[in-house]
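Tertiary structure, described
Listed below, chain by chain, are the residues.
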Amino acid sequence: MLKESIIIYMRDILGITGSDAEELFDCYVETLEQLCQKLEQAVEQHNVMEIRNITHSIMGSSSNIGANIISEQAAAANMAAKSHDFGSVKSLSQELKKYPEILRK
Amino acid sequence: MSEKIKILAVDDEKFNLKLITSCLPKTTYEVIGFTNAVEALQAFKNEFFDIILLDIIMPGIDGFELRRLLRKISKNKPIIFLTAMIDDSKSTLLNEISWDPFTYYMKKSFSKKELQEKIEYVINIYLRQKQLSSNSSRMESELALAGDVQRILLPPWCMIDSYTVTSSLYLPQSQVSGDIYEFFQLEDEKYLLLIGDIAGHGISAALYMMAVQSFIKVTAHEKKLAPHEFLNEINKFFCNELEGASYMTCSVAIIDFSTNHIHMQSAGHPGLFVCSSATGEIINSENYEKGGIPTGWFSQTNYRLEDSIEFNFPDDALIVGVTDGLFDACNQDGISLDPSELAEIIGSLAGSADAVTFPHRLVNAIMQMGYEQLSDDICIVALEKRINNPNLFELLIPPQLNEVGKAAVTFSQKISDPKVAVKIELLLHEYLNNIILHGMERKDSKQHIWVSMEQSNDKILIRGVDRGKRCRQEAGEQIDTDEDDSSFQASSGRGLKIMRDITSGISRSSYCGMNETIFTLEA
């Protein structure tokens, strides 16, 4: 469902279809995976600045491709980090970590 | 601009760079992407780009810092910040964008259409501004050229002939002026003086001024006209040839130095001030304000003989013409110079300043009295009759190094004592070489240096007047050291020392663009 909504977004809003759309989608998933791994490390280190930078990047990339649910969760993690609520940050980062696999299915 | 729109894109995420590239068709756009600022900066130094797309939040050098570095290379290349950043309570984002007039902002996420439209909009603004800037530069160049042409058409700042000494100060408010003056010999000791102000400012007034200048020269030489007849001819010229597109206030005078007689008429312009140098009295105080209708207003205007003024003047008279821009000079309280106040200043200055220095000293005096805000073109002309004085010798020297030797020898030949003659020659060599080499920025044929030599029983006074760089002294200040005046330094630095050794005193004064140097030597 999420993958389909992203493909529809790419087609209707970005005007990108075919192999270009596939390439872009694959690039997004790869980027998301890398950012989620960095986020996990930053959460363990309680590095607020790094958490905020990474979640900001996830927000931007995800909203650009129409993955709004991912963008919103990243935004929530960003705000939680700002408030030093590491509990919420951790649970949100674990949710985010699941998405690359979901999108690859 | 290149055929394709060439874009420099910088974002630490490869995905975002790929997204931008996917949104912009290769037929129209060429996107060069970098994930770090250092590589992007290097590429910007080496290649041409039409526009820059920047992310803001990046590790290391962020978007704002990268823009600062890019602006050292290009002050006005358009930059679009593409960001998901939300502004904080201090409006950081808004402030960072708004201080630079060539920075724009676009929120992530964007659609393909939005991105393309934004890029094209920004580039169009950039190209329009570039065109405007180019037009503005061209206009500035054309104005400067018009100003140069005007200067060529005007008489030199100082003229001496067998009968007269004349000096003028022409100060356009910007690069060109609508003020006009002419002074030339009609026959024998009879001269024409015209001073006027053409309506308007800028290029149009300057062009009319040039047309009228040419007309005046031709008409005055072809026809023997009285002042009122001259005004009628000028009026016809404005109404017919210039089709009433402009008008001119002016005063015209025929001055006969054989009979010391002046015949003048005004067309809506301040009249001439005729002062006695001995007493400072204004001889024509009853009628220097007498007006008339400006030329070019009505084709039916008929200037009549009975409206003109005629009177005699003494040998030592100083004749001064001014344009009305002088009456627009204001002090800090916004109060402008009154005509009667100006007449007083002219009268009191006439006792101490000769025709050569008068125009510049007049403006200097007015500014020293607090009327420093000059908002209009100014033109001042001063002339006097050349009196036969066997002890006085004067010369106008072109600002060319190959004229210096000739001039120095000419002056030295007027001195009977050979030792003093050698000193004079050496002094003038040093003085003129220094002024021409170090003091004159413009060396065209109208920037003559006026030099006079007056002998008395025990001393010789040499005066030099130039329009070179401003000397640093206060009026009449004595020069004591080598550092006192850089325009007096020969390349070896010995020039001033030589001049000090020859003379018993040197003083320099500067008046509104004119320098006066006075050397005193023992006879």
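Residues numbered from 1 in each chain as written. Chains lettered and ligands numbered in written order. Predicted model: local features only at pLDDT ≥ 70, side-chain atom pairs only at ≥ 80, totals over all residues.

1. Some words on the overall build of chain A
To keep things clear, this is the line we draw: The numbering of helices and of strands both runs from the N terminus, where a helix is a DSSP run of H or I of at least 4 residues and a strand a run of E of at least 2. To sort residues by burial, count the other C-beta atoms lying within 10 Å of each one's C-beta; a count of 20 or more means buried, 12 or fewer means exposed, and anything in between means partly exposed. C-beta atoms are built from the backbone. Any two residues are considered in contact once their C-beta atoms, placed from the backbone, lie within 7 Å.
Scanning chain A from N- to C-terminus turns up six helices and zero strands. Scanning chain A from its N terminus toward the C terminus, one meets helices and strands in the order α-α-α-α-α-α. Considering only C-alpha atoms, chain A reaches an extent of 40 × 20 × 20 Å along its principal axes. Relative to its full complement of 105 residues, chain A shows a buried share of 42%. Put simply, of all contacts in chain A between residues at least 6 apart along the chain, 52% involve residues at least 24 apart.

2. What to know about the overall build of chain B
Condition: C-alpha atoms define the radius of gyration in this analysis, and the globule rule sets the expected value at 2.2 Å times the number of residues to the power 0.38.
Along its length, chain B carries twelve helices and 21 strands. Its C-alpha atoms give chain B a radius of gyration of 32 Å, clearly above 24 Å, the size a compact globule of 523 residues would have. Summarising its shape, the C-alpha atoms of chain B cover approximately 95 × 65 × 45 Å along the three principal directions. Each of the 523 residues in chain B was classed as buried or not, and the buried ones make up 40%. Counting contacts in chain B only where the partners sit at least 6 residues apart, residues at least 24 apart contribute 70% of the total.

3. A look at the packing of helix α4 (residues 68–82) of chain A against helix α5 (residues 86–97) of chain A
All names here are of chain A. To be explicit about the condition: All axes are obtained by fitting lines to C-alpha atoms, using only the stretch in contact for helices, and the reported angles, taken between N-to-C directions, cover 0 to 180 degrees. Convention used here: angles under 35 degrees read as roughly parallel, angles over 145 as roughly antiparallel, angles from 65 to 115 as roughly perpendicular, and any remaining angle as oblique. Handedness of a crossing follows from how the near helix is turned relative to the far one, being left-handed for an anticlockwise turn of less than a right angle and right-handed for a clockwise one. Asp, Glu, Lys and Arg are counted as charged, while Ala, Val, Leu, Ile, Met, Phe, Trp, Tyr, Cys and Pro are counted as nonpolar; the rest, among them Gly, fall into the polar class.
α5 packs onto α4 with a crossing angle of 160° between their chain directions and a minimal axis gap of 9 Å. If you check the angle between α4 and α5, you find them roughly antiparallel. Like other packed secondary-structure pairs, α4 and α5 cross with a definite hand, here left-handed. Here α4 contributes Ile70, Gln73, Ala74, Ala76, Ala77, Ala80 and Ala81 to the contact with α5, which in turn contributes Ser88, Val89, Leu92, Ser93, Glu95 and Leu96. Among the residues making up the contact of α4 with α5, the classes are represented as nine nonpolar, three polar and one charged.

4. Regarding the interface of chain B and chain A
When the parts come together, some accessible area is lost, and that loss is often what is quoted as the size of the interface. If you look at the interface, chain B gives 15 residues, while chain A gives 17 residues. Here the side of chain B that touches chain A takes seven residues from helix α1 (residues 14–23) of chain B, the largest share from any one element. Broken down by class, the residue content of the side of chain B that touches chain A amounts to six nonpolar, four polar and five charged.

5. Points about the sheet that holds strand β5 (residues 103–107) of chain B
Hydrogen bonds between backbone atoms are what pair the strands of a sheet, whose relative direction is either parallel or antiparallel. Residue and element names in this part refer to chain B. Put simply, the test is: Strands are labelled as partners when DSSP assigns at least two bridges between them.
If you trace the five strands from one edge of the open sheet to the other, you get β2-β1-β3-β4-β5, paired in parallel fashion. The open sheet has two edge strands with one neighbour each: β2 (29–34) and β5. If you compare each strand with its neighbour and ignore which way they point, the axes differ by 25° on average. Bridge count for strand β4 (residues 79–83) against β5 is five bridges, and the pairing is parallel. Across the sheet, residue Ile80 finds its bridge partner in β5, namely Tyr104. Most of the contacts of helix α3 (residues 63–71) go to strand β3 (residues 51–54), to which it runs at about 160°, and overall it touches β1 (5–10), β3, β4 and β5. Taken strand by strand, helix α5 (residues 112–153) contacts β1, β3, β4 and β5, and its axis lies near 135° from that of β3.

6. Re α1(B)
Because each turn of an α-helix spans 3.6 residues, side chains separated by three or four positions end up pointing in the same direction. Counted residue by residue, α1(B) has seven buried out of ten residues, so it is predominantly covered. Here α1(B) has its buried residues at Phe15(B), Asn16(B), Leu17(B), Lys18(B), Leu19(B), Ile20(B) and Cys23(B). The secondary structure elements touched by the buried residues of α1(B) are α2 (18–44) and α3 (48–65) of chain A together with β1, β2, β3 and α5 of chain B.

7. A word on the confidence of the model for chain B
Here is the rule we go by: Confidence scores labelled pLDDT are given residue by residue by the predictor and lie between 0 and 100.
Averaged over every residue, the pLDDT of chain B is 87; residues scoring 70 or more account for 93%. Reported for the predicted complex are a pTM of 0.70 and an ipTM of 0.88.

8. Let's talk about the environment of Arg304(B)
Inspection of the secondary structure puts Arg304(B) in the loop between β12 (273–276) and β13 (309–312). For the pair Arg304(B) and Leu231(B), spaced 73 residues apart in sequence, the C-alpha separation works out to 9.3 Å.

9. Some details on the nonpolar core
How we decide: Each nonpolar core reported here comprises buried Ala, Val, Leu, Ile, Met, Phe, Trp, Tyr and Cys residues connected via C-beta atoms within 7 Å. These domain boundaries are the output of an automatic or database domain assignment.
Grouped together as the largest cluster of nonpolar side chains are 99 residues, with contacts concentrated most on Leu193(B), Val274(B), Cys275(B), Leu318(B), Val320(B), Ile380(B) and Val381(B). Domain assignment of the residues forming this core places at least three in each of domain 2 (154–385) and domain 3 (392–522) of chain B. For Val381(B), the contacting residues outside a window of four places in its chain are Thr166(B), Ser168(B), Tyr181(B), Phe183(B), Leu193(B), Ile195(B), Gly321(B) and Pro359(B). Cys36(A), Ile65(A), Ala74(A) and Cys23(B) belong to the second-largest nonpolar core, a separate cluster that totals 60 residues.

10. Considerations on the pairing of β3(B)
Residues and elements named next belong to chain B. Rules: Seen with its strands pointing away from the viewer, a crossover is right-handed when the path leading from the first strand over the helix to the second is clockwise.
Here β3 shows two buried faces, one formed by Ile51 and Leu53 and the other by Ile52 and Leu54. As paired strands, β3 and β4 are joined by three bridges and run parallel to one another. Bridging from a neighbouring strand, Leu53 pairs with Ile80 of β4. In this region the chain leaves β3, passes through α3 and returns to the parallel neighbour β4; the handedness of that crossover is right-handed.

11. Brief notes about the sheet that holds β13(B)
Residue and element names in this part refer to chain B. The sheet built from five strands is open, its strands ordered β8-β9-β10-β11-β13 with antiparallel pairing. The strands lining the two open edges of the sheet, one partner per strand, are β8 (179–187) and β13. The average angle at which neighbouring strand axes cross in this sheet is 15°, direction not considered. By the bridge criterion, eight bridges tie β8 to strand β9 (residues 190–198) in an arrangement that is antiparallel. Along β9, the bridge assignment pairs Ile180 with Gly196. Each of β8, β9 and β10 (248–256) touches helix α6 (residues 202–222); the most contacted strand, β8, lies at about 10° to it. Its contacts with the sheet put helix α7 (residues 227–241) on β10 and β11 (261–267), and the angle it makes with β10 is roughly 150°.

12. As for the packing of α5(B) against α6(B)
Residues and elements named next belong to chain B. Packing of α5 against α6 leaves a shortest axis separation of 10 Å and a crossing angle of 25°. Classified by the interaxial angle, the pair formed by α5 and α6 is roughly parallel. Seen along the crossing, α5 lies across α6 with a hand that is left-handed. Where α5 approaches α6, its residues Leu143, Ala146, Val149, Gln150 and Leu153 are matched on the opposing element by Ile203, Ala206, Met209, Met210 and Gln213. The class makeup of the residues in the contact of α5 with α6 is eight nonpolar, two polar and no charged.

13. Let's talk about unusual backbone geometry
If a residue is not glycine, its phi is most likely negative; likewise, a peptide bond is most likely trans. Within the chain, His84(A) stands out as a residue other than glycine whose phi angle is a positive 60°. Mapping His84(A) onto the fold places it in the loop between α4 and α5. Positioned with a positive phi, Cys512(B) is a non-glycine residue whose angle comes to about 50°. Along the chain, the position of Cys512(B) falls in the loop between β20 (505–511) and β21 (514–522).

14. Describing the domain arrangement of chain B
Domains assigned within chain B are domain 1 (5–131), domain 2 (154–385) and domain 3 (392–522). Using C-alpha coordinates to define each centre, domain 1 of chain B is positioned 60 Å away from domain 2 of chain B.

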